[in-house]
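Structural features, examined
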Amino acid sequence: MRAIEISQPGGPEVLRICERAIPVLRAGEVLIKVHAAGINRPDVFQRKGAYPAPAGASDLPGLEVAGEVVAGELSGSGFALGDMVCALVAGGGYAEYCAAPLAQCLPVPHGFTAVQAAALPETFFTVWSNVFDRAGLTGSETLLVQGGTSGIGVAAIQMATALGHKVIATAGSDEKCRACEELGAIRGINYKTENFEEVVHSLTGGRGVDVVLDMVAGDYVNRELTCMADDGRLVVIALLGGAKAQLDMGAILRRRLTVTGSTLRARSVEFKQVIAQKLHQKIWPLLESGKIKPVIYKTFSFEQASEAHVLMESSEHIGKIVLDFCV
């Protein structure tokens, strides 16, 4: 099969088309003939040598795919050979065939193309795990999303809004802020021209938000603590602003704040299976009804993976970037 490998750590140019053996399936896995694969920020980190694949996972980049199930033990799963699925994987998505744990596969939503379905797993699994499971967003609580037009941000805004929550989002331009609002956010905050703490306090009558989804960390952390409601939860999922932060521990104690974080890639299949089940129950009906929609900024062919990474690193995109293997 053809695949895209990282020839050495470096820039987008180190992505190289190669020939690899079709994956040999392990117990509980299915083989997917890939029609489309999502591009994600962790792929960039892996390409640079900063985010190696977990032990036992493919060294090829790619964390989400959509395509046809062509092999594997499917009895009792509800799937059959030939079914179209999308799947979260720990690596190997940039290839014509990809092995995926059956427990991490979901049906392609009715009416969706493979490109649309490939835009779902990594972001939707991540948002559900962190916003709803780890941070426990519930009831009428409010959510602040840092980076509202990233793939994660677009998913978080739509999922939380569709489930009845008010969402505030930050973005790096007025155009992106308007895009956040079109997706359902009550306000997009331009972090380059506005103080997000002040805007959040104004929008919430000084109360603050209940949950913050943060991809920045660094010096954002203390600023986020100031715009959280009592008993608020801050969940960090990336470190684009740096890995170190000084915390106001007095505020955390007095106001019963929680600072947590997680990564998903190395978690067990059993852990991800639970998320898949919740997504299928709670979110897939919203996708099929049109209340939540995949936002595809641009697609690239298999041969254009380097160009897709250039776009990802530019942060110009609103929504997802996808490799379409069928063009």
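Remember, predicted model here, so these are calculated numbers, not experimental data.

**A word on the overall build of the protein**
A tally of helices and strands in the protein yields eleven helices and 15 strands. Burial analysis of the protein (327 residues in total) assigns 53% to the buried set. Of the contacts formed within the protein by residues at least 6 apart in sequence, a portion of 68% connects residues at least 24 apart. If you sum the accessible surface of the protein, you get close to 13700 Å²; carbon and sulfur atoms cover 52% of it.

**Quick look at the sheet that holds strand E11 (residues 209–214)**
A sheet is described by the order of its strands in space; here six strands give the open sequence E10-E9-E8-E11-E12-E13, paired in parallel fashion. With one partner strand each, in any of the chains shown, strand E10 (187–190) and strand E13 (258–261) form the two edges of the open sheet. The sheet shows a mean angle of 20 degrees between the axes of neighbouring strands, taken without regard to direction. Two strands pair when backbone bridges link them, and strand E8 (residues 142–145) and strand E9 (residues 166–171) are joined in this way by four bridges, in the parallel orientation. Within the sheet, the bridge partner assigned to threonine 142 lies in E9 and is lysine 166.

**Quick notes on helix H3 (residues 121–134)**
Within H3, twelve of the 14 residues are buried, which leaves it mostly tucked inside the rest of the structure. Along H3, the residues classified as buried are Pro121, Glu122, Thr123, Phe124, Phe125, Thr126, Val127, Trp128, Ser129, Asn130, Val131 and Phe132. Among the residues trailing H3, glycine 136 stands out with phi positive, at a value near 65 degrees.

**Concerning the side chain of aspartate 210**
On the secondary structure map, aspartate 210 appears in strand E11. At 2.8 Å, the side chain of aspartate 210 and the side chain of arginine 207 are in polar contact. Setting aside residues no more than four positions away along its own chain, aspartate 210 makes contact with Glu141, Thr142, Ala229, Gly232 and Arg233.

So, how was this worked out
- Residues numbered from 1 in each chain as written.
- Predicted model: local features only at pLDDT ≥ 70, side-chain atom pairs only at ≥ 80, totals over all residues.
- Heavy atoms only, no water.
- Helix = DSSP H or I, 4+ residues; strand = E, 2+ residues; numbered from the N terminus.
- Buried < 20%, exposed > 50% of the residue type's maximum accessible area, 1.4 Å probe, protein only.
- Contact = heavy atoms within 4.5 Å.
- Areas by Shrake-Rupley, 256 points an atom, 1.4 Å probe, with all protein chains shown as cover.
- Pairing = 2+ DSSP bridges.
- Axes fitted to C-alpha atoms, helices over the stretch in contact; angles between N-to-C directions.
- Polar contact = N/O pair within 3.5 Å; in protein donor to acceptor, adjacent residues only side chain to side chain.

Purely geometric numbers; function is a separate question.
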